[in-house]
Amino acid sequence: MSKGFIDVVLGLQWGDEGKGKIADFLTPTYDVVARFQGGPNAGHSLEMNGKKHVLNTIPSGIFHKNCLNLIGNGVVMDPVRLMEEIRRTEEAGADVKNNLYISRKANLILPTHKLLDAASEKHKGDKKIGSTLRGIGPTYRDKYGRSGVRAGDMFDPEFKQKYQKAIERHLALMNHLNFDDFDLESLENEFFNAVDALKQYKFVDSEYFINDLINQGKKILAEGAQGSMLDIDFGSYPFVTSSNTISGGMTVGLGVAPKHVRSVKGIFKAYCTRVGSGPFPSELDDDIGEQLRKKGHEFGATTGRPRRCGWLDLVALKYAVMLSGVDELIMMKSDVLSGFDKVLVGTGYKDKSGNTLDTIPYDFVSAGFEAVYTEHEGWHDDLTVVRDEKDFPQSFSNYISWLEAEVGVPIKVISLGPDRVQTVVRG
Ligand code: GDP
Ligand code: IMO
Ligand code: MG
């Protein structure tokens, strides 16, 4: 039997690049889709047969009946939100009971982790991260502090004691932060009901599960969450999430050695968006930004917050390509750029003293960079109906070729609308 492998598909910007759509589109050529980091801070949208589905913790292969889906050890999961998501997804026709596998080593988001997220943001005041308040940071903090509660612990007769120990620590912390505006009892009822319901699903020692599948010749797609510029090490720290979103995060988030990686597919929007606080040198605080937000429906899939919009940032894109060793690019939402006479691309950063650079420096957050742009001729055709690259307007083809030459990586897939069918694979 031929040897199995793993392909990684991940976001190269600040999240919401369209990972859900593309993972779902690519699934028919894979046997397994696996999430390796993040948690319900993610909102991955899929559209098929005129219907939209949003997934938060469940991998985006769940709507294909022959595909297994794994929530890996690197993910943090909230039993309450996951059960709601499972019900929604089952109602939409997915076979979650048979096709979803959950790592026993995934850390659990407890009710107090979510409260701690809110307490910490309140404490930070105008320096807040703009977290999704799903408890991500506090849960990873406990994981790395070696006091986390894991999915496998739900089956331990001592689960309630483990839970209680964590809760007491969290309550002391919240007391310290003067945060007491919550009803813990009702949150706990909800939590334990969800834990009971979740136990009927499949829990596995996921590192063995996935390596066995690779040895059996299976093809795995590892689906990233968030984006490279939100990576805990390389993003715009501290305005980041709490996990490694770059390709390296896959090996530790699933327990798969780098030698099994066949290729890394990097997803980017033809422009940029960001939700929450932090630097965004190519941000458009004007009419064009508003047009992008309206046309691109740039409102958070998880929180509904309006996304900040701006031109494509090539400095950040090249950085993300370098960090993850991206082999091929997937460009999303070019249809949203139709109708502009000029399309701009940020190719450098200018600091407050007028110095320019084309890399991301240590003081990225404090430097107050503004992007320096190149201008490209726009296109006016409706791209959402185009199904073949020979029908691309010339100026759009020029834009694609210019980007490929600048980044040095081929753009293999072009998405021209939210639906599965609005996708062009290039030869
Ligand atoms: P993810 O978090 O990376 O999966 O991305 P989100 O689902 O949060 O945000 C992407 C949004 O863009 C969703 O509403 C998608 O339905 C939509 N979308 C994806 N690809 C395209 C595209 O090529 N064109 C347009 N117009 N919308 C798209
Ligand atoms: P997907 O997978 C966009 C942002 C939040 C905030 C920061 C930290 O849908 O692309 P957290 O809740 O992790 O503590 O928030 O990261 N953020 C995202 N932005 N897409 C996401 O996920 C995000 N997940 C977190 O807005 O700025
Ligand atoms: Mg999203």
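Residues numbered from 1 in each chain as written. Chains lettered and ligands numbered in written order. Predicted model: local features only at pLDDT ≥ 70, side-chain atom pairs only at ≥ 80, totals over all residues. Heavy atoms only, no water.

Asker: Could you clarify how one ought to interpret the site of ligand 2 in this entry?
Answerer: If you check the shell around ligand 2, you find 20 residues, and the closest are Asp-16, Lys-19, His-44, Thr-132 and Thr-241. Within the backbone of Ile-129, an N or O atom sits 3.5 Å from an oxygen atom of ligand 2. At 3.0 Å, a backbone N or O of Val-275 approaches an oxygen atom of ligand 2. Against a free-state accessible area of 550 Å², the protein chains account for coverage of 97% of ligand 2. Split by residue class, the shell around ligand 2 holds seven nonpolar, 10 polar and three charged. (Near = heavy atom within 4 Å. Polar contact = N/O pair within 3.5 Å; in protein donor to acceptor, adjacent residues only side chain to side chain. Areas by Shrake-Rupley, 256 points an atom, 1.4 Å probe, with all protein chains shown as cover. Nonpolar A, V, L, I, M, F, W, Y, C, P; charged D, E, K, R; others polar.)

Asker: Sorry if this is basic, but what is going on with the packing of helix H6 (residues 159-176) against helix H7 (residues 184-198) here?
Answerer: Angle between the axes and distance between the axes: these two values describe a pair of packed helices. The interhelical angle for the contact between H6 and H7, taken along N-to-C directions, is 145°, at an axis separation of 14 Å. Considering how the two elements wind past one another, H6 and H7 form a crossing that is right-handed. Contacts from Phe-159, Lys-160, Tyr-163, Ile-167 and Leu-171 in H6 reach Leu-184, Glu-188, Phe-191, Phe-192 and Val-195 in H7. Among the residues forming the contact of H6 with H7, the class breakdown is eight nonpolar, no polar and two charged. (Axes fitted to C-alpha atoms, helices over the stretch in contact; angles between N-to-C directions. Helix = DSSP H or I, 4+ residues; strand = E, 2+ residues; numbered from the N terminus. Left-handed = near helix turned anticlockwise from the far one by under 90°. Contact = heavy atoms within 4.5 Å.)

Asker: Would you mind showing me how to read the side chain of Asp-7 here?
Answerer: Along the chain, Asp-7 turns up in strand S1 (residues 5-11). Of note is the side chain of Asp-7, whose polar atom sits 2.5 Å from the side chain of Tyr-30. When near neighbours in sequence (up to four residues on either side) are disregarded, Asp-7 contacts Tyr-30, Ile-220, Leu-221, Ala-222, Arg-262, Ser-263 and Lys-265.

Asker: Explanation requested: the site of ligand 1 in the structure shown.
Answerer: Taken together, 21 residues are adjacent to ligand 1, and Gly-18, Lys-19, Ser-45, Asp-335 and Ser-415 come closest. One nitrogen or oxygen atom from the main chain of Gly-18 is found 2.8 Å from an oxygen atom belonging to ligand 1. At a separation of 2.5 Å, an oxygen atom of ligand 1 approaches a polar side-chain atom of Ser-415. Out of a free accessible area of 580 Å², ligand 1 has 95% covered by protein chains. In this structure, ligand 1 is accommodated by the second largest pocket. The residue makeup of the shell around ligand 1, split by class, is five nonpolar, seven polar and nine charged. Counting residues domain by domain, the shell around ligand 1 receives three or more from each of domain 1 (5-103 + 203-264) and domain 3 (269-425). (1 Å grid on protein atoms, 1.4 Å probe; cavity = no way out; pocket = protein on both sides within 12 Å on 5 of 7 lines; lining within 4 Å. Sits in = over half its atoms within 2 Å of the grid points. Domains from an automatic or database assignment.)

Asker: Help me understand unusual backbone geometry, please; the structure alone is not making it clear to me.
Answerer: Trans peptide bonds make up the majority, and among non-glycine residues the majority have a negative phi. For the bond from Tyr-237 to Pro-238, the omega torsion is 5°, close enough to zero to count as cis. When you line up the elements, Pro-238 lands in the loop between strand S10 (219-223) and helix H9 (248-254). You will see that Asn-178, though not glycine, has its phi angle at about 55°, which is positive. Along the chain, Asn-178 falls in the loop between H6 and H7. Unusually for a residue other than glycine, His-297 sits at a positive phi of about 45°. Of note, His-297 is situated in the loop between helix H10 (287-295) and strand S13 (308-313).

Asker: What am I meant to see in helix H11 (residues 314-324) here?
Answerer: Structurally, the α-helix is built with 3.6 residues per turn, so residues lying three or four positions apart point the same way. Most of H11 sits inside the fold, with eight of its 11 residues counted as buried. Considered for burial, the residues of H11 that qualify are Leu-314, Val-315, Ala-316, Leu-317, Tyr-319, Ala-320, Val-321 and Ser-324. Check the buried side of H11 and you find it contacts S1, strand S11 (261-269), S13, strand S14 (328-332), strand S15 (342-350) and helix H12 (394-407). One side-chain oxygen at the N-terminal end of H11 lies 3.0 Å from the backbone nitrogen of Val-315; it belongs to Asp-313. Positive phi shows up at Gly-325, right after H11, with a value of about 60°. (Buried < 20%, exposed > 50% of the residue type's maximum accessible area, 1.4 Å probe, protein only.)

Asker: Looking at this structure, I do not really get the layout of surface pockets. What am I missing?
Answerer: In this approach the atoms are scanned with a rolling probe the size of a water molecule, which exposes any empty space left behind. Taken as a whole, the second largest pocket encloses approximately 500 Å³ of empty space. What lines the second largest pocket is a set of 26 residues, and nearest its centre among them are Ser-45, Lys-52, Gly-296, Lys-333 and Pro-418. Within the residue set of the lining of the second largest pocket, elements represented by two or more residues are helix H1 (19-26) and strand S3 (44-48). Here the lining of the second largest pocket gets four residues from one element, more than from any other, and that element is S3. For the lining of the second largest pocket, the class distribution of residues is six nonpolar, nine polar and 11 charged. Split by domain, the residues of the lining of the second largest pocket number at least three in each of domain 1 (5-103 + 203-264) and domain 3 (269-425). (Points joined across faces, edges and corners; volume = space filled by probe spheres on them.)

Asker: What am I meant to see in the coordination of the magnesium ion (ligand 3) here?
Answerer: Under ideal tetrahedral coordination, the four donors around a metal are separated by 109.5 degrees; under ideal octahedral coordination, the six donors are separated by 90 or 180 degrees. Coordination sphere of the magnesium ion (ligand 3), protein contribution only: Asp-16 (OD) and Gly-43 (O), at 2.1 to 2.2 Å. Remark: Gly-43 occurs in the loop between strand S2 (32-35) and S3 and Asp-16 occurs in the loop between S1 and H1; sequence separation between them is 27 residues. (Donors = N, O, S within 2.8 Å, 3.2 Å for Na, K, Ca; no water.)

Asker: What exactly am I supposed to notice about the nonpolar core here?
Answerer: In summary, soluble globular proteins display a tendency toward joint burial of nonpolar side chains. With 55 residues, the main nonpolar core has Leu-254, Met-331, Leu-337, Phe-396 and Tyr-399 as its most contacted residues. A per-element tally of this core places H12 first, with five residues. Summarising the domain contributions, this core has at least three residues from each of domain 1 (5-103 + 203-264) and domain 3 (269-425). Apart from residues no more than four positions distant in its own chain, Phe-396 is found in contact with Met-331, Ser-334, Trp-379, Leu-383, Ile-414 and Leu-416. Membership of the second largest hydrophobic core comes to 36 residues, among which are Val-75, Ile-86, Phe-192 and Val-195. (Core = buried A, V, L, I, M, F, W, Y, C linked by side-chain atoms within 4.5 Å.)

Asker: What exactly am I supposed to notice about the pattern of salt bridges here?
Answerer: Opposite charge on two side chains permits pairing when their charged atoms draw close. For the coordinates displayed, the defined rule picks out 20 salt bridges. Notably, a salt bridge pairs Lys-269 with Glu-298, separated by 3.0 Å at the nearest N-O pair. Pair noted here: Lys-269 is in strand S11 and Glu-298 is in the loop between H10 and S13, with a separation of 29 residues, a long-range link. Judged by relative accessible area, which is 0%, Glu-298 ranks as buried. Because the salt bridges share partners, they merge into one network encompassing Asp-16, Lys-269, Glu-298, Arg-307 and Lys-333. (Salt bridge = Lys/Arg side-chain N within 4 Å of Asp/Glu carboxyl O.)

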